[in-house]
Amino acid sequence: MISGILIEGLIYGIMVLGLFTTFRVLNFCDMTVDGSFPMGACVLAACLGAGIPVAVALLISFVAGLAAGLITSLIYTKLRIPDLLAGILTMTMLYSVNLRIMSNRANVSFLRTPTLFSKIIDGMYELFPAVENPDWGIVVFLILFVAALKILLDIFFHTDMGLTMGALGSNPQLVISQGVNPDVLRTIGICFGNGLAALAGSFAAMYNGFADVGMGTGTVVSGLASLMLGEFVLRSNRIGLQTFRVLIGSCIYRALMILARTYGHYINLTPNDLKLVTGILIILCLITTKLKIKKRSTEEK
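Reading the values: the criteria
- Residues numbered from 1 in each chain as written.
- Predicted model: local features only at pLDDT ≥ 70, side-chain atom pairs only at ≥ 80, totals over all residues.
- Heavy atoms only, no water.
- Helix = DSSP H or I, 4+ residues; strand = E, 2+ residues; numbered from the N terminus.
- Rg over C-alpha atoms; globule rule 2.2 N^0.38 Å.
- Buried < 20%, exposed > 50% of the residue type's maximum accessible area, 1.4 Å probe, protein only.
- Contact = heavy atoms within 4.5 Å.
- Areas by Shrake-Rupley, 256 points an atom, 1.4 Å probe, with all protein chains shown as cover.
- Lys, Arg positive; Asp, Glu negative; His and termini not counted.
- Charge placed at Lys NZ, Arg CZ, Asp CG, Glu CD.
- Expected span 1.5 Å × (residues − 1).
- Polar contact = N/O pair within 3.5 Å; in protein donor to acceptor, adjacent residues only side chain to side chain.
- Patch = residues over 30% accessible without salt bridge, like charges linked within 9 Å, V, L, I, M, F, W, Y side chains within 5 Å.
- Salt bridge = Lys/Arg side-chain N within 4 Å of Asp/Glu carboxyl O.
- Core = buried A, V, L, I, M, F, W, Y, C linked by side-chain atoms within 4.5 Å.
- Phe/Tyr/Trp six-rings, centres within 6.5 Å; stacked < 30°, edge-to-face > 60°.
- Lys NZ or Arg CZ within 6 Å of the ring centre and 35° of its normal.
- Disulfide = S-S within 2.5 Å.

J.: Hey, could you run me through the overall build of the protein chain in this one?
T.: The helix and strand tally for the protein chain stands at 12 helices and 2 strands. Listing every helix and strand of the protein chain by position from the N terminus yields α-α-α-α-β-α-α-α-α-α-β-α-α-α. On C-alpha atoms alone, the protein chain measures out to a radius of gyration of 20 Å, which is about the 19 Å that the 2.2 N^0.38 rule sets for 301 residues. Among the 301 residues that make up the protein chain, the fraction classed as buried is 48%. In the protein chain, once contacts between residues fewer than 6 apart in sequence are set aside, the share between residues at least 24 apart is 77%. Entry remark: accessible area of the protein chain is about 15100 Å², with carbon and sulfur atoms responsible for 66%. Computing the positive centroid from 21 side-chain charges and the negative centroid from 16, the protein chain places the two 7 Å apart.

J.: How should helix α10 (residues 219-233) be read in this particular structure?
T.: Side chains of residues three or four places apart in an α-helix project in the same direction, reflecting 3.6 residues per turn. For α10, built from 15 residues, the straight-helix expectation of 21 Å at 1.5 Å per residue is met to within 8% by its first-to-last C-alpha distance of 21 Å. α10 sits mainly inside the fold: 12 of its 15 residues count as buried. Of all the residues in α10, the buried ones are T219, V220, S222, G223, L224, A225, S226, L227, M228, L229, G230 and E231.

J.: When you look at the side chain of N98 in this model, what are you seeing that I'm missing?
T.: Secondary-structure assignment places N98 in helix α4 (residues 83-101). The exposure class of N98 is buried, given its relative accessible area of 1%. A distance of 3.5 Å separates a polar atom in the side chain of N98 from the backbone oxygen of G35. Discounting residues that sit within four places of it in the chain, N98 has contacts with G35, P38, M39, C42 and V213.

J.: So what exactly am I meant to see when it comes to a nonpolar patch on the surface here?
T.: Together, I71, L84, L85, I88, L89 and M93 line one region of the surface with nonpolar side chains, adding up to about 460 Å² of accessible area. Examining the composition of the nonpolar patch, we find that 5 residues originate from one element, α4, more than from any other. Along the chain, L89 falls in helix α4. Here L89 falls in the partly exposed class, since its relative accessible area comes to 35%.

J.: So what exactly am I meant to see when it comes to the pattern of salt bridges here?
T.: A side chain with one charge can pair with a side chain of the opposite charge if their charged atoms come near. Taken as a whole, this structure holds 3 salt bridges when the rule is applied. Its salt-bridge partner being R186, residue D183 comes within 3.6 Å of it at the nearest N-O pair. With D183 and R186 both in helix α9 (residues 182-208), this residue pair falls 3 residues apart, about one helical turn. Classification of D183 by relative accessible area gives partly exposed; the value is 22%.

J.: What is the right way to read the nonpolar core from this model?
T.: Where a protein is soluble and globular, its nonpolar side chains tend to be buried together. Counting 78 residues, the largest nonpolar core has I11, M15, F110, F117 and F203 as the members making the most contacts within it. Residues in contact with F203, not counting those within four places in the same chain, are I11, I14, L58, L116, F117, F141 and F145.

J.: So what exactly am I meant to see when it comes to the packing of aromatic side chains here?
T.: Any two aromatic rings considered together are summarised by their centre-to-centre distance and by the angle between their planes. Overall, the coordinates contain 9 aromatic pairs when judged by the stated rule. Geometrically, the ring pair formed by F28 and Y76 is edge-to-face, given 5.0 Å between the ring centres and 90° between the ring planes. Remark: Y76 occurs in helix α3 (residues 54-78) and F28 occurs in the loop between α1 (2-25) and α2 (33-49); sequence separation between them is 48 residues. Given a relative accessible area of 23%, Y76 falls into the partly exposed group. Three or more aromatic residues joined by ring pairs form one cluster here, namely F117, F141, F145 and F203. In this structure, R254 is placed above the aromatic ring of Y12, and the distance from its NZ or CZ to the ring centre is 3.7 Å.

J.: Mind showing me how you'd approach unusual backbone geometry here?
T.: It is generally the case that most residues other than glycine have a negative phi and that most peptide bonds are trans. If you check the backbone angles, N27 has positive phi at about 55° while not being a glycine. Mapped onto the secondary structure, N27 falls in the loop between α1 and α2. Taking the relative accessible area as the measure of exposure, N27 reaches 55% and is therefore exposed. Of note in this structure, R80 is not a glycine but carries a positive phi near 60°.

J.: In this structure, what is going on with the state of the cysteines? I would like to understand it.
T.: Working definition of a disulfide: a covalent bond connecting the sulfur atoms of two cysteines. The tally for this structure, following the rule as stated, stands at 0 disulfides. C191 forms no disulfide, and the closest cysteine sulfur to it belongs to C29, at a distance of 17 Å.

Below you can see the structure in the form of structure tokens.
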């Protein structure tokens with residue numbers, strides 16, 4: 001169970017890092033993730049089916065996510081459509097696009113297709129035959145990959161562009177007064193966020209053993225729940241700790257979901273109730289945050 005929590009937490013943590021960039025840094029309500037997440041899985045399935053190496057397929061999935069984010073950004077900046085509606089429009093269109101990518105099939109299995117994770121498991125059996133759970137090899141790989149991604153993200157947010165992007169989310173007028181085009185900067189952030197979501201979708205498909213066009217349903221909501229759980233556990237204004245708490249929140253959320261699926265039957269909780277649990281969890285986090293803010297303002301007075 002621990003290995004499963006870490007694997008799911010780290011995979012979806014990549015997606016939550018993308019949500020952190022759009023929702024927290026840019027203050028942009030991006031619903032595209034519900035479409036770009038399964039898009040990464042669908043592109044990966046199409047690439048592996050065509051015999052493309054896994055590393056190249058993952059890169060193509062990331063680029064596909066960038067393209068999805070670009071569409072949302074263009075709808076928002078050029079057509080002046082609100083951010084929420086722009087993301088919903090792109091998400092809706094991506095459902096048909098994803099079906100096209102997988103040759104009008106809603107589900108593609110990787111049962112007979114070697115993936116990165118299947119190769120890691122085979123390597124674990126060969127190198128460490130005494131290990132009972134070969135999934136720990138995937139855990140080690142994901143820890144190294146996500147750690148490298150986090151470090152690169154932290155470095156970026158300390159550059160001039162990263163600092164300007166953070167200023168854009170809190171004070172757009174300040175960025176405009178500095179002669180920076182906010183549309184270009186916002187587009188870069190939205191594209192990057194959806195690229196991470198697509199990359200997470202491709203990793204999730206390899207772990208689950210299949211790609212499905214409906215696997216992105218509720219991704220944004222679960223990502224926001226992870227984001228809020230991380231903020232509830234660890235409060236900081238330092239970007240390094242902010243990205244770290246994103247990963248912590250993702251692991252906590254996935255642990256709660258796995259525990260609910262495993263032991264939920266004791267309280268008559270079924271997998272169909274997990275979306276309800278997620279919604280209640282977000283509401284509780286919001287209420288708790290508001291109460292803390294109210295208490296802090298009362299103490300200051």
